[in-house]
Amino acid sequence: MFGRSSKILRLLVVGLWLLVPITVLGYSHPESSTSLFQGENGQWILEIQAARSAFDEVVQEEYTVEGYCPPEAFEELITSLLSNHLSLYFNGRSVTLNNPMVTLGNEVTVNYKIDDPGQLETVDIENTFFRHIYNSRSAMVVLKNGMERNLLTLDKNNDYIAHLTMENDGFAVDDEPYGIVGNFQNILFIVAFVVTLMAFGLVVGLKPLRIANVS
């Protein structure tokens, strides 16, 4: 009986994991997420996620494309633009971001597979893809096997740049003014994202979430 109940609980958690990003990101134009995580097999993934309307706005502004492009052409425009607005450094060395996998829908997800960096000491990431969208902000999370998670916000206050350094059981944000803007809408955004990560953590057994010190 307990085994069946546990299975049902896991299914409910997975359902929450899938539902919250759609609710939070799919219908909130300025919101996006920038996730860097390590899978069970050690493979690192960089994932960019936002509403389709947000990607549409960026593509149309850059290329003055009216209406919807064919899916293949739209994917190509997205990946081309991301290559100019997305940077990742491990231990001060630039990480090559090639062959992204794009998933289209009401919500767009772009995944990059990253080679194993070995002993990881610092992570620098910049994501300015959505910077021209009014009030744009991106919830950023770093997930590494066996370590606490860090959550912060990339927005205009930090020029959409984050620098993290390995300390003990997690990554610590440096002393730059990384801001979680203190307005109600943004707080709801962060809370919803935290709930999503907690659900994901229950499924895959990650350590508890630690929100980065942004004071």
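Residues numbered from 1 in each chain as written. Predicted model: local features only at pLDDT ≥ 70, side-chain atom pairs only at ≥ 80, totals over all residues. Heavy atoms only, no water.

## A look at helix 2 (residues 52-63)
Relative to the 16 Å expected for twelve residues at 1.5 Å per residue, helix 2 spans 16 Å between its end C-alpha atoms, a close match to the ideal helical length. Restricting attention to buried positions, one finds in helix 2 the residues Arg 52, Ala 54, Phe 55, Asp 56, Val 58 and Val 59. Buried residues along helix 2 sit in contact with strand 2 (44-51), helix 3 (71-85) and strand 6 (107-114). Thr 64 lies just past helix 2 and shows a positive phi near 50°. (Helix = DSSP H or I, 4+ residues; strand = E, 2+ residues; numbered from the N terminus. Expected span 1.5 Å × (residues − 1). Buried < 20%, exposed > 50% of the residue type's maximum accessible area, 1.4 Å probe, protein only. Contact = heavy atoms within 4.5 Å.)

## Regarding the confidence of the model for the protein chain
Interpreting fine coordinate detail is not advised for predicted regions of low pLDDT. Put simply, the protein chain has an average pLDDT of 76, and 66% of its residues get 70 or more. Across residues 176-187 the pLDDT falls below 50, and counting only partners more than four positions away or on other chains, this stretch makes 25 contacts in the model. (pLDDT = per-residue confidence, 0-100.)

## A short note on the side chain of Asn 127
Mapping Asn 127 onto the fold places it in strand 7 (residues 122-127). Classification of Asn 127 as buried rests on a relative accessible area of 2%. A polar contact is formed between the side chain of Asn 127 and the backbone nitrogen of Phe 129, at a distance of 3.3 Å. Not counting residues within four places of it along the chain, the set of residues in contact with Asn 127 comprises Thr 34, Ile 48, His 85, Leu 86, Ser 138, Leu 154 and Tyr 160. (Polar contact = N/O pair within 3.5 Å; in protein donor to acceptor, adjacent residues only side chain to side chain.)

## Quick look at the packing of aromatic side chains
Evaluation of the coordinates by the stated rule reveals four aromatic pairs. An angle of 45° between the planes, with centres 5.4 Å apart, marks the rings of Phe 55 and Phe 129 as tilted. In this pair, Phe 55 sits in helix 2 while Phe 129 sits in the loop between strand 7 and strand 8 (137-143), placing the two residues 74 residues apart along the sequence. Each member of the pair, Phe 55 together with Phe 129, is buried. The ring of Phe 74 carries the charged tip of Arg 52 above its face, separated from the ring centre by 4.0 Å. (Phe/Tyr/Trp six-rings, centres within 6.5 Å; stacked < 30°, edge-to-face > 60°. Lys NZ or Arg CZ within 6 Å of the ring centre and 35° of its normal.)

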